[in-house]
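Working through the structure, step by step
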Amino acid sequence: MNKDDRLHGFEALVRQADGNAPALAALSLLFSSDGWKSRAGEIAAQVLALPDGDVAARTIARHVITTDVPQWHFVIVADLARNLAYDQALQRAVTPGSRVLEIGTGSGLLAMMAARAGAAHVYTCEMEPAVAMTAREIVARNGFADRITVIDKHSKDVDVNELGGPVDILVSEIVSNEMLGEGVLPAMEDAIARLVKPGGIIIPAQGTIRVALAHLADFPRTIGTVSGFDLSAFDDLREPNFRIPTNRRGLTLASDAVDLFAFDFTSTAPWSGDRAQATLRSTGQPANGLVQWITLDMDGVTAYENRPSTEAPPSAWAAVFHAFETMLDPQDGQVIPVLGQHDMANVRLWIDPPMPEENAPAR
């Protein structure tokens, strides 16, 4: 049986199962396993709307709806500083005739901010079916269904005709902890070329990767000996960098901070990989790694930075700790070269020249 025949067969079963929570829940799993994620979410939503309260069916339905939803959405909307930076930039950019495209709908928050600021219409694209479905409900609940259109697609699959032509403003929040991991560069390159008017406003306009020497007190321990066996070689498979909360206790900056990479998101030039070098000036404290964070310049007026600090509120974005193989114990004021390389999705950092052999192990 080909896929179209299977789909017709499944839909016939859905009609027969109308009002039957267990049957509909089982069918939502079938649709999901066959790759029809959007339809699976719709059927699961039917289960949750039924009044019979079948706990098993509701549990399955919730699983189908939430299984592909990134849980960082819930952290992002709680970052009030991030929300305010976007809101202020949109209020400055939007005029009554503005047509806005948002990449990455999520909860619908930024799209509703643009509509509240007075946009004539906001188009927002979301590739996760369950997220798009819920965002559409949120938009309607908040009274913006007539001015916000949720498009269930990745931005690269959006046709400019779906937007009624190129838009005036592009807003997005598709940067990751290390800036590039969510595909911001190829998404912006594509959208600016196809979906935005020449000279259109881009929010955020720029992003920067910032780094500093750091010491992490509770550095991950080596595996060593376990149950009488030497497993220390397994440490070679440990990732050299890992995420930490920006308010992580035990993290101390051990140098000034420098900007290693800057990205002009308004650029129409093709993106590619790059290398960069900068110098860090040590505070004289020992360092067992580099800590990396990001800044977002919304529009030349409002900016957001998740600089690590136990005194600041936690950020929606984690800092990234790039561990050294050995402890660095520099003099106060000593200049340490830091180097980096990035491709379209990954960032790698290291220091040069190599650390002296007499430095103590970092872990």
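That block above? That's the structure.
All of these numbers come straight from a predicted model, not from anything done at the bench.

**A few points about the pairing of strand S13 (residues 287–297)**
The buried count for S13 comes to 10 of 11 residues, which makes it a mostly enclosed element. With 9 bridges connecting them, strand S6 (residues 206–216) and S13 associate as antiparallel partners. Counterpart to alanine 212 in the pairing with S13 is valine 291. Here 5 bridges tie S13 to strand S15 (residues 319–328), and the two strands are oriented antiparallel to one another. Along S15, the bridge assignment pairs leucine 290 with histidine 322.

**Quick notes on a nonpolar patch on the surface**
Together, Ile223, Val226, Phe229, Leu231, Phe234 and Leu237 line one region of the surface with nonpolar side chains, adding up to about 580 Å² of accessible area. Mapped onto the elements, leucine 237 comes out in the loop between strand S8 (229–230) and strand S9 (241–244).

**Structural notes on the environment of alanine 78**
Mapped onto the secondary structure, alanine 78 falls in the loop between helix H5 (72–76) and helix H6 (80–93). Looking at alanine 78, the relative accessible area reads 55%, which means it is exposed. C-alpha of alanine 78 to C-alpha of asparagine 346: the two residues are 268 residues apart in sequence and 26 Å apart in space.

**Description of the sheet that holds strand S12 (residues 274–283)**
Either a parallel or an antiparallel arrangement is found when strands of a sheet pair, and the pairing is made through backbone hydrogen bonds. The antiparallel open sheet is built from 3 strands, whose spatial order is S12-S16-S17. Each of the sheet's edge strands pairs with one partner strand only, and the pair in question is S12 and strand S17 (347–351). Within the sheet, the average angular offset between the axes of one strand and its neighbour, ignoring direction, is 25°.

**What to know about the pairing of S15**
Counting buried positions over the 10 residues of S15 gives 8, a clear majority of the element. Looking at chain direction, S9 and S15 are connected through 4 bridges and run antiparallel. Bridge pairing in S15 links phenylalanine 242 to phenylalanine 321.

**Some thoughts on the packing of aromatic side chains**
Counted under the stated rule, the structure contains 7 aromatic pairs. Both rings, one in phenylalanine 10 and one in phenylalanine 31, keep their centres 5.4 Å apart while their planes meet at 55°; by these two values the pair is tilted. Here the residue phenylalanine 10 occupies a position in helix H1 (residues 3–16), and phenylalanine 31 occupies one in helix H2 (residues 21–33), the gap between them amounting to 21 residues. With respect to class, phenylalanine 10 is no different from phenylalanine 31; both count as buried. Considering the side-chain rings of phenylalanine 10 and tryptophan 36, the 6.0 Å spacing of their centres and the 90° angle between planes classify their relative orientation as edge-to-face. Here tryptophan 36 lies in the loop between H2 and helix H3 (37–49) and phenylalanine 10 lies in helix H1, a separation of 26 residues in the sequence. For the pair phenylalanine 10 and tryptophan 36, one class covers both residues: buried. Grouped by ring-pair contacts, the aromatic residues Phe10, Phe31 and Trp36 constitute a single cluster.

**Here's the deal with the sheet that holds strand S4 (residues 167–172)**
Spatially, S3-S2-S1-S4-S5 is the arrangement adopted by the 5 strands of the open sheet, whose pairing is parallel. Edge strands, defined here as strands with exactly one partner in the open sheet, are strand S3 (148–151) and strand S5 (196–203). Averaged over all pairs of adjacent strands, the angle between strand axes in this sheet comes to 25°, irrespective of strand direction. The pairing of strand S2 (residues 121–125) with S3 spans 4 bridges and is classified as parallel. Within S3, the residue paired with threonine 124 across the bridge is valine 150. Against the sheet, H6 contacts S4 and S5, and its axis sits at roughly 145° relative to S5. Lying over the sheet, helix H7 (residues 109–116) contacts strand S1 (99–103), S2, S3 and S4, oriented at roughly 170° with respect to S2.

What counts as what
Residues numbered from 1 in each chain as written. Predicted model: local features only at pLDDT ≥ 70, side-chain atom pairs only at ≥ 80, totals over all residues. Heavy atoms only, no water. Buried < 20%, exposed > 50% of the residue type's maximum accessible area, 1.4 Å probe, protein only. Helix = DSSP H or I, 4+ residues; strand = E, 2+ residues; numbered from the N terminus. Pairing = 2+ DSSP bridges. Patch = residues over 30% accessible without salt bridge, like charges linked within 9 Å, V, L, I, M, F, W, Y side chains within 5 Å. Areas by Shrake-Rupley, 256 points an atom, 1.4 Å probe, with all protein chains shown as cover. Salt bridge = Lys/Arg side-chain N within 4 Å of Asp/Glu carboxyl O. Axes fitted to C-alpha atoms, helices over the stretch in contact; angles between N-to-C directions. Phe/Tyr/Trp six-rings, centres within 6.5 Å; stacked < 30°, edge-to-face > 60°. Contact = heavy atoms within 4.5 Å.

Function cannot be read off these values alone, since they describe shape.
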